[in-house]
Amino acid sequence: MDELFDQLEFIENPLYESIIEDLLEQQYSVVDNFFSAEEVFLLRASLLDKYEEDKFKKAAIGNKFEEQIIKSIRGDFVLWIDEKNSNSAEKLFFNKINSLIDYLNKTCFLGILHKEFHYAIYPEGTFYKRHLDTFQNDDRRKLSFVCYLNDENWKNENGGELVIYKDENGMEVPKNLYPLPGRVVIFESQLLEHEVKTVLASERYSITGWLKTR
Ligand SMILES: O=C(O)CCC(=O)C(=O)O
Ligand SMILES: [Fe+2]
C-alpha cells in the first residue's frame with residue numbers, strides 16, 4: 001500500500017484543484033491569468049512572426065469539404081506547434097501545459113498520453129459555427145484547451161466570444177466567454193458543443209489544443 005502511494009506523491013496545487021473541481025461540476029473551467037501578461041506578449045509575438053512568414057493555413061474540417069463550405073463553418077487560420085522544435089515562448093507554454101497534464105494524470109487518472117496544439121488567428125468577420133471537437137472521428141480528444149493571446153486593449157465589443165452550450169436540468173444555457181489575454185478555457189471535448197462568434201473588430205489570437213487519451 002505505502003509503496004503505491006509513494007509513486008503518486010504530489011504537492012497539492014490550489015489552481016489545478018479548482019480546475020478539476022470545475023470540470024467535475026460543470027464540464028468546463030475558466031482560468032484568468034493562467035498565462036502572465038509577459039507570457040501572452042511573448043506568445044503573441046511568436047504567433048505574429050510565424051503569421052508574417054506565411055506559415056498559417058486556412059483551417060480545415062474533416063477532409064473533403066469544399067472551400068466554400070469550410071468558409072461557412074469556420075474562417076480561422078491555424079498553425080500546428082511542434083513541441084520538439086519549439087522556440088523559447090513555446091517552451092514556456094509547454095512547461096505550464098505539461099505541469100497541468102502531469103497533475104491531472106496523477107490526481108484524476110485521466111490517462112492523457114498525447115496532446116496537440118495550434119495557433120489560431122480569426123480575422124475580422126470570421127467565426128467558427130457551433131460544433132463538438134470530436135467531429136474528426138477522433139474520440140481520443142478528452143479535454144479541449146483554449147488560451148487567448150489578444151492584447152490588453154481587447155474589448156468585449158470586438159466580438160469573437162466563445163459560447164459554450166451547457167445543459168442545465170434539461171435546459172440549454174449558453175455561457176459567453178470573452179477572449180481576454182491570459183485567460184484559458186478548458187472543457188470536455190466530447191460533451192460540450194461550442195462556437196466562436198463573429199469577430200467584429202480587430203484580429204483574434206489564440207492557441208487551441210487537445211489533451212488526448214491512448
Ligand atoms: O477559439 C476558441 O475560443 C475556440 C476554438 C474552437 O472551438 C476550435 O478550434 O475547435
Ligand atoms: Fe472547438
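Residues numbered from 1 in each chain as written. Chains lettered and ligands numbered in written order. Predicted model: local features only at pLDDT ≥ 70, side-chain atom pairs only at ≥ 80, totals over all residues.

### Some thoughts on the site of ligand 1
Here comes step 1: Near ligand 1 you find Ala120, Tyr128, Asp133, Val146, Leu162, His194, Val196, Ser206 and Thr208, and these make up its full shell.
Here comes step 2: When contributions to the shell around ligand 1 are tallied by element, the ones reaching two or more residues are β10 (193-196) and β11 (204-213).
Here comes step 3: Taken together, the residues that form the shell around ligand 1 break down as five nonpolar, three polar and one charged. (Near = placed C-beta within 6 Å. Helix = DSSP H or I, 4+ residues; strand = E, 2+ residues; numbered from the N terminus. Nonpolar A, V, L, I, M, F, W, Y, C, P; charged D, E, K, R; others polar.)

### Thoughts on helix α3 (residues 37-52)
Here comes step 1: The first and last C-alpha atoms of α3 sit 22 Å apart over 16 residues, in line with the 22 Å expected at 1.5 Å per residue.
Here comes step 2: Every buried residue of α3 is listed here: Val40, Leu43, Arg44, Ser46 and Leu47. Relative to the axis of α3, the buried residues are bounded by an arc of 155° and lie together on one face. Turned more than 90 degrees off the buried face of α3, the exposed positions are Ala37, Glu38, Asp49 and Glu52. (Expected span 1.5 Å × (residues − 1). Buried ≥ 20, exposed ≤ 12 C-beta atoms within 10 Å, placed from the backbone. Arc of directions from axis to C-beta.)

### Concerning the packing of α3 against helix α5 (residues 88-108)
Here comes step 1: Close contact between α3 and α5 brings their axes to 8 Å; oriented N to C, the two are set at 125°. In terms of their interaxial angle, α3 and α5 are classed as oblique. Considering only the axes of α3 and α5, their crossing is left-handed. Along the contact surface, α3 presents Glu39, Leu42, Leu43, Ala45 and Ser46, while α5 presents Ala89, Glu90, Leu92 and Phe93.
Here comes step 2: In terms of residue class, the contact of α3 with α5 is built from six nonpolar, one polar and two charged. (Axes fitted to C-alpha atoms, helices over the stretch in contact; angles between N-to-C directions. Parallel < 35°, antiparallel > 145°, perpendicular 65-115°, else oblique. Left-handed = near helix turned anticlockwise from the far one by under 90°. Contact = placed C-beta atoms within 7 Å.)

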